[in-house]
Every structure is written in C-alpha cells, then in structure tokens.
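# Observations on the model geometry
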Amino acid sequence: MGFRKKNKSPPVLSHEFVIQNHADMVSCLAMIILLGLMFEVTAKFAIMFITVQYNVTTQVLDETSEPANLYQYGPKDVATVFFYLLIAVILHALIQEYILDKVNRRLHLSKTKHSKFNESGQLAAFYLFSFVWGCSILTAEDFARNPTFLWEGYPHTHMVFQVKFFYICQIAYWLHALPELYFQKIRKEDIPRQLYYICLYVVHIIGAYVLNFHRLGLVLLVPHYLVELLFHASRLFYFSDENKQKGFTLWALLFVIARLLTLTLSVLTFGFGLPRTENQGFSLAEGNFNVLTIRMTCLAAICLTQAWMMWKFINFQLKKWREHSQNQASKRKTQSPKSTPHKRDPTRGGAANGVVKSEDKTSPRARKAKAS
C-alpha cells in the first residue's frame, strides 16, 4: 500500500515495490498534471485533464436570468476520466491505510474475512458518497416530478455540470477498480467475482452516458447504490459481531424492490416512452439513438443483468438458509440429554437375576472355621 512505511525496501520497479508505492507514484503523476496549470504552454493541456469539457452556454428565454451552463460529451472526456481515476486511486489508498487497516488490526480477522472487510469498507464509502450526491442532483433538478422526464425531449444531449461530473467520477471510479485488483493483492478465487460486477458497472454507466440515457441511468443508480450500501454496511457490522445480522433482512427486502423498480422503469422507458417520441432515428451528429435495435439491446442488457443479480441473490439466500439449518441441528444435538447408566436398586439387596450375592468374599470353609 502507498503511504505505508516498510522496514525492508523491495527492489526498485519490482512487483512488491510497485504495490507498496503505487499511491505515491500516482500522486506524483497527478501533481505533474496540476503543475501544468502554472505554465502557459502546458495550461491548455492540463485544463483538459482537470476541468469538465464541452461547455455549451445557452441563453434562457427570460432575459433577466443568467445563461444556463450545459455540457455535452466528447473524446476529451477520456483525459478527464484518466485524471479522476488517479484521484480515485489516491483516495482508495488513504481510506485503506488510515481507516480500514487500523480497524483490521483491532478485529484480528482471518485472511478471507480480511479481504471481504476491505472490499466492503471501500465500497460502502463509495456507495454512501454516490447515493448522497445522486439524491442531491435529483432534488436540485426536480427529476422525480414525473416519470415522463425519462424520455421527453430525447435526445438529451445537454447535461448540467453536476450530472456530467457525476458520470465522469462514476466511470473513473469503476475503471480504477481494475488496477486495484493488482494493487490490493486480491485472492485469485475472488478476482472473477469482482471482475463481473466491475465490468457490469463500466458497461452500463458508459452506455447510459454515451447513448444519452443519463437521466434513466441516474434514476436507476441511486436506489441501487442505497441497496448496495446497506449490504456492505451490514457485512461490516457482521464482521465486528457475528450476532448483528438484522441488516441483511432489510437488505433482502430492498434488493427485491430495487430489482422490480429497475425493470419497471426500463420497460416503461424503452418499451413505451421512447417509441412514442417525435425524434425517431439514428444520428451520431445529433446524438440520437432512438431506434428499435438500440432500445431492445439496452432493455435486454438491463433485464439480463437483473436476472443474473436475482440468481446470485437466491443462491446467497439458500446458502444462508442451509448454514442456519445446520447450525440449528448442531445446537439441538449438543442440547439433547445424554443417556444415563442404569443404577442398581438398593432395595433389592444386590440381587441379580433372582440370586442374592453375599458381600462376604471369604470361602465357605473359612466361615465354618470362624463359627466353630
């Protein structure tokens, strides 16, 4: 990890050296980009990395109001995403070093739980930040006033600053998660699982951004992030105390509701809303992708993703149910009374099978000698 002091320094540019110092290297690269603002020759290139590009200023109908600052997307957004990817790597290292590692030392978790704890800690922080940010955008833009805003006026080529910057940060974060699999030394058996959901996030968010479905994407991300936040927060509490499992019950309920909400809004937008808009056709110049092929492809991608998530959810619940049943069965076995040995009835005078045994172990001849 970056920012961590080590007693033994590995060879320069070795794998271990890069893993331990990757945050420092990335910080230097980000500082070089920032220093580019100080010189006139490099300032125009540095601004392309730091600030949001493709500003389009439009004059509102009311002359007394200020012009509305709107943005479009373009190729220069790749540079902006790259810079904030570097920022995400730095923030990831800071959270890991100064929060998660300190908590891990107190909990003394196993290697498996240690890896899951770090994953949940990082994702919980990101989901919390994104959920609050997304809710503020929906409230400020009054997106939730009517479901028809999802398709009315399509193509939605213009975005306010908050919406565009939100998507830039989302893409940057999920792209930064790919090299973090190497930097964090993720176990081989955990890499496929994490690659699946990272790639799904990247494909869906970039698709919504490029195809000008950013309104629908934002509305679907906010409840999804809330559900994921609850899951990872519950898992963090579970690692601290295994008796704290009530959060998983609430998560299971909200998970199903979020999947139904996602399917409903997607079918409503791609199946009923967009086919009835005036702008039908395909045009890269106008940013119009309102054709049957693209609509059905997007809807199929969302439905398949939701079906895959429900399949994983059902398997997870069945696994927990089996573990709970096994634990209950083992508890019943330990609590069942043990079979007690049969005690001899003292009232029978030590008789066994109708024969009375004498407690005197001397021979009959010796007893006769004593009697005489």
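Quick caveat, the model's predicted, so the values are computed rather than measured.

Definitions and cut-offs
Residues numbered from 1 in each chain as written. Predicted model: local features only at pLDDT ≥ 70, side-chain atom pairs only at ≥ 80, totals over all residues. Heavy atoms only, no water. Helix = DSSP H or I, 4+ residues; strand = E, 2+ residues; numbered from the N terminus. Buried < 20%, exposed > 50% of the residue type's maximum accessible area, 1.4 Å probe, protein only. Contact = heavy atoms within 4.5 Å. Core = buried A, V, L, I, M, F, W, Y, C linked by side-chain atoms within 4.5 Å. UniProt positions renumbered as here; feature names shortened; annotations may be inferred. Patch = residues over 30% accessible without salt bridge, like charges linked within 9 Å, V, L, I, M, F, W, Y side chains within 5 Å. Areas by Shrake-Rupley, 256 points an atom, 1.4 Å probe, with all protein chains shown as cover. Salt bridge = Lys/Arg side-chain N within 4 Å of Asp/Glu carboxyl O. Phe/Tyr/Trp six-rings, centres within 6.5 Å; stacked < 30°, edge-to-face > 60°. Axes fitted to C-alpha atoms, helices over the stretch in contact; angles between N-to-C directions. Parallel < 35°, antiparallel > 145°, perpendicular 65-115°, else oblique. Nonpolar A, V, L, I, M, F, W, Y, C, P; charged D, E, K, R; others polar. pLDDT = per-residue confidence, 0-100.

## Here's the deal with the overall build of the protein chain
- Summing up its helical and strand segments, the protein chain has 10 helices and 5 strands in all.
- The buried share among the 372 residues of the protein chain stands at 39%.
- Considering only contacts within the protein chain whose residues lie at least 6 apart along the sequence, 69% involve residues at least 24 apart.

## Comments concerning the nonpolar core
- Ranked by size, the top nonpolar core spans 64 residues in total, and within it Tyr127, Tyr167, Trp174, Ile205, Tyr225 and Phe270 carry the most contacts.
- Taken together, the elements giving at least two residues each to this core come down to α1 (15-35), α3 (77-107), α4 (111-141), α5 (161-183), α6 (191-210), α7 (214-240), α8 (246-273) and α9 (292-335).
- Of the residues forming this core, the biggest block, 12 residues, is contributed by α5.
- When residues no more than four places from it in sequence are discounted, the contact partners of Tyr225 are Phe126, Tyr127, Ser130, Phe131, Gln170, Trp174, Tyr201 and Ile205.

## Considering the environment of Met309
- Structurally, the position occupied by Met309 is in helix α9.
- Judged by its relative accessible area of 14%, Met309 falls in the buried class.
- Ignoring sequence-local partners within four residues, the contact set of Met309 consists of His224, Phe255 and Arg259.

## A few points about the UniProt feature "transmembrane region" (unreviewed entry) in the protein chain
- This chain's UniProt record puts "transmembrane region" (unreviewed entry) on residues 29-52, 81-100, 121-140, 160-183, 195-212, 218-238, 250-272 and 292-311.
- Each end of residues 218-238 is marked by a C-alpha atom, and these two atoms are 30 Å apart; helix forms 100% of the span and strand 0%.
- In the segment residues 292-311, helix accounts for 100% and strand for 0%; the C-alpha atoms at its two ends are 28 Å apart.

## Considering a nonpolar patch on the surface
- A surface patch of nonpolar side chains, about 420 Å² in accessible area, is lined by Leu91, Leu94, Tyr98, Ile99 and Val103.
- Mapping Leu94 onto the fold places it in helix α3.

## Structural notes on the pattern of salt bridges
- For the structure shown, the criterion picks out 6 salt bridges.
- Ionic pairing is found between Lys185 and Glu16, a salt bridge with its closest N-O pair at 2.9 Å. With Lys185 in the loop between α5 and α6 and Glu16 in helix α1, the pair connects residues that are 169 residues apart, well separated along the chain.
- Note on Glu16: relative accessible area 29%, which makes it partly exposed.
- The closest approach of N and O atoms between Lys164 and Asp77, which form a salt bridge, is 3.1 Å. Of this pair, Lys164 sits in helix α5 while Asp77 sits in helix α3, placing them 87 residues apart in sequence.
- Several salt bridges converge on common partners, so that one network encompasses Glu119, Arg193 and Arg235.

## What to know about the packing of aromatic side chains
- For the structure shown, the criterion picks out 37 aromatic pairs.
- On the numbers, 6.4 Å between centres and 70 degrees between planes, the contact of Phe49 with Phe82 is edge-to-face. Of this pair, Phe49 sits in helix α2 (residues 40-50) while Phe82 sits in helix α3, placing them 33 residues apart in sequence.
- Residue Phe49 is classed as partly exposed on the basis of its relative accessible area of 23%.

## Some points on the environment of Phe149
- As for its placement among the helices and strands, Phe149 is situated in the loop between α4 and β3 (159-160).
- Phe149 sits in the buried class, given a relative accessible area of 7%.
- The spatial distance from the C-alpha of Phe149 to the C-alpha of Gly273 is 9.6 Å, given a sequence separation of 124 residues.

## A word on the packing of α6 against α7
- It is the contact of α6 with α7, at a shortest axis distance of 9 Å, that shows an interaxial angle of 150 degrees. Judged by the inter-axis angle, α6 sits roughly antiparallel to α7. Where α6 approaches α7, its residues Tyr201, Ile205 and Ala208 are matched on the opposing element by His214, Gly217, Leu221, His224, Tyr225 and Glu228.
- Looking at the contact of α6 with α7 residue by residue, the class counts come to 5 nonpolar, 3 polar and 1 charged.

## Quick look at unusual backbone geometry
- The omega angle of the peptide bond from Tyr154 to Pro155 is 10 degrees, so this bond is cis rather than trans.
- Turning to its location among the elements, Pro155 is positioned in the loop between α4 and β3.
- The backbone of Tyr54 sits at a positive phi, close to 65 degrees, despite the residue not being glycine.
- Note that Tyr54 resides in the loop between α2 and β1 (55-58).
- Positioned with a positive phi, Lys185 is a non-glycine residue whose angle comes to about 55 degrees.

## Regarding the confidence of the model for the protein chain
- Residues at a pLDDT of 70 or more form 85% of the protein chain, whose mean pLDDT is 86.
- Here residues 345-359 scores under 50 on pLDDT; set against residues more than four positions off or in separate chains, the count is 5 contacts.

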